[in-house]
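Structural description and commentary
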Amino acid sequence: MNQAEKLMNEDIEYRAAVESGNLVEVGRIGNIFTEKAKEIVYPAMVYV
């Protein structure tokens, strides 16, 4: 499980969108969490 998936699993709005079948909202929230995960992870990466 990646960081974005962890964030999505904890979000009430995301789970509600999945349960209701609102694919537009699922995609929108998924994109937000993907970008949020990048902001968290990228600064911690070490480039050699």
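Residues numbered from 1 in each chain as written. Predicted model: local features only at pLDDT ≥ 70, side-chain atom pairs only at ≥ 80, totals over all residues. Heavy atoms only, no water.

Our focus in this paragraph is helix α3 (residues 23–41). For α3, built from 19 residues, the straight-helix expectation of 27 Å at 1.5 Å per residue is met to within 8% by its first-to-last C-alpha distance of 26 Å. Turning to α3, its buried residues number three or more, namely V26, I29, G30, F33 and A37. Viewed end-on, α3 has its buried residues packed into an arc of 105°, placing them on one side of the element. Turned more than 90 degrees away from the buried face of α3 sit V24, N31 and E39, all of them exposed. Where α3 is buried, its residues meet α1 (3–10) and α2 (12–20). (Helix = DSSP H or I, 4+ residues; strand = E, 2+ residues; numbered from the N terminus. Expected span 1.5 Å × (residues − 1). Buried < 20%, exposed > 50% of the residue type's maximum accessible area, 1.4 Å probe, protein only. Arc of directions from axis to C-beta. Contact = heavy atoms within 4.5 Å.)

To continue, consider the confidence of the model for the chain. Summary statistics for the chain give a mean pLDDT of 88 and a share of 98% for residues scoring 70 or more. The least confident element of the chain is α1, whose mean pLDDT is 84; the most confident is α2, at 94. (pLDDT = per-residue confidence, 0-100.)

The subject of this paragraph is the packing of α1 against α2. In a packed pair of helices, the relevant descriptors are the angle between the two axes and the axis-to-axis distance. For the pair α1 and α2, the least separation of the axes is 5 Å and the interaxial angle reads 80°. With respect to α2, the axis of α1 lies roughly perpendicular. Contacts between α1 and α2 involve M8, N9 and E10 on the former and, on the latter, I12, Y14 and R15. Its residues assigned to classes, the contact of α1 with α2 shows 3 nonpolar, 1 polar and 2 charged. (Axes fitted to C-alpha atoms, helices over the stretch in contact; angles between N-to-C directions. Parallel < 35°, antiparallel > 145°, perpendicular 65-115°, else oblique. Nonpolar A, V, L, I, M, F, W, Y, C, P; charged D, E, K, R; others polar.)

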